[in-house]
Amino acid sequence: MGSILRRLLSIVPRVRRRYYRFYNKLNFKLKGIEYGKNFCSYNKIYVKGIGKVKIGDNFVFTSGDAINPICRNIRGCIYTVTKDSKITIGNNVGISSACIWSQTSITIGDNVNIGGDCLIMDTDAHPHDYMKRRSGYAKQIGIVNYLKEIPSAPIVIEDDVWIGARCQILKGVHIGARSIVAAGSIVTKNIPADCIVAGVPAKVVKSKSL
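As the structure is a prediction and not an experimental result, all values here were calculated from the model. Positions within a chain are numbered from 1, following the residues in the order the chain's sequence is written. Per-residue local features of the predicted model are confined to residues with pLDDT of at least 70, and side-chain atom pairs are confined, for both listing and counting, to 80 or more; whole-chain, interface and lining totals are unaffected and use all residues. Each side-chain value is worked out from all heavy atoms of the structure, with water and hydrogens disregarded.

### Regarding the packing of aromatic side chains
Here's step 1: Pairing of aromatic side chains here covers Phe, Tyr and the six-membered ring of Trp, requires ring centres within 6.5 Å, and sorts the geometry by plane angle: under 30 degrees stacked, over 60 edge-to-face, intermediate tilted. Using the criterion set out here, one finds nine aromatic pairs in the structure.
Here's step 2: For the pair Y19 and Y23, a centre-to-centre distance of 5.9 Å together with 25° between the ring planes defines the contact as stacked. Taken together, the residues span about one helical turn, with Y19 and Y23 both in helix 1 (residues 2–30) at a distance of four residues.
Here's step 3: Each residue is assigned to one of three classes by its accessible area relative to the maximum for its type, calculated with a 1.4 Å probe on protein chains only: buried under 20%, partly exposed between the two thresholds, exposed over 50%. Y19 sits in the partly exposed class, given a relative accessible area of 45%.
Here's step 4: Classification of Y23 by relative accessible area gives partly exposed; the value is 28%.
Here's step 5: Through a chain of ring-to-ring contacts, the aromatic side chains of F28, Y35, F39, F59 and F61 assemble into a single cluster. Each helix is a run of DSSP H or I of at least 4 residues and each strand a run of E of at least 2, with the numbering of both proceeding from the N terminus.

### Digging into the sheet that holds strand 11 (residues 119–121)
Here's step 1: Judged by pairing direction, the sheet is parallel, and its six strands sit side by side in the order 2-5-8-11-14-17 without closing on themselves. Both outer strands of the open sheet, strand 2 (46–49) and strand 17 (186–187), are each paired with one neighbouring strand and no more. When DSSP finds two or more bridges between two strands, those strands count as paired.

### Considering the state of the cysteines
What we call a disulfide is simply a covalent bond connecting the sulfur atoms of a pair of cysteines.
Here's step 1: We call a pair of cysteine sulfur atoms a disulfide when they lie within 2.5 Å. With the rule as written, the count across this model stands at zero disulfides.
Here's step 2: Of all cysteine sulfurs, the one in C167 lies closest to C195, which takes part in no disulfide; the gap is 13 Å.

### Thoughts on the environment of D160
Here's step 1: Position of D160 relative to the elements: it lies in the loop between strand 12 (155–157) and strand 13 (162–163).
Here's step 2: Sequence separation of D160 and C195 is 35 residues, and the distance between their C-alpha atoms is 12 Å.
Here's step 3: Leaving out residues up to four positions away in the same chain, D160 has contacts with D110, N111, V112, R178 and S179. Between two residues, a contact is recorded if the distance between any of their heavy atoms is within 4.5 Å.

### Comments concerning the sheet that holds strand 19 (residues 203–207)
Here's step 1: In spatial order, the strands read 1-4-7-10-13-16-18-19; together these eight strands make up an open sheet with mixed pairing. A strand with exactly one partner marks an edge of an open sheet, and here the two such strands are strand 1 (40–42) and strand 19.
Here's step 2: Two strands pair when backbone bridges link them, and strand 1 and strand 4 (residues 60–62) are joined in this way by three bridges, in the parallel orientation. Directly across from C40, in strand 4, lies its bridge partner V60.

### A look at the nonpolar core
Here's step 1: To qualify as a nonpolar core, a set must consist of buried Ala, Val, Leu, Ile, Met, Phe, Trp, Tyr and Cys residues joined through side-chain atoms within 4.5 Å. Counting 36 residues, the largest nonpolar core has I95, I108, I114, I157, I163 and I175 as the members making the most contacts within it.
Here's step 2: Elements that contribute at least two residues to this core include exactly strand 3 (52–55), strand 6 (86–89), strand 9 (105–108), strand 12 and strand 18 (195–198).
Here's step 3: Not counting residues up to four positions away in its chain, the partners in contact with I163 are N113, I114, G115, C118, I157, I169, I175 and V181.

Set out below in structure tokens:
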């Protein structure tokens, strides 16, 4: 009896995943997001913004519903702040419930794995001057001028990079090909190719030259 009940209960998540695989394809297309062959995205993704998003072949994005147990029910996010914001994702990329937030440009190469609950964000989201963060300032100067007050810089993640769970990749970072970012790291500076980084802030702990 218990095994029958477990099977019945497992049907609902499977049906929901199938539904969202279709829904996300349609939603991405309606929002002008380009994607390649074998696009596969499980469960609802928070997609917002008016910028340009382009995704390559064999893309997999899991979002919540404990598909990846590390993520639990955290919803993934793709957000472009302005019409000039860009997110470009290569072929064979796998992402688990990450938040990818672009004000300028985020470029992710081929064969990249991004672990559960990561944050990749090319902007600080708010001005550093506390007076400019106060209510009404953005309305006073206009949203276009307000965004210019926010520190932002492009992010580049090269081919074959592996980013562990709950990492943060911050503005202006360039991660070299084949490098590994250990789980829980906060990356604030460029990372060379072929190395392992870890920590807060992330530092090189192993490379081919060591």
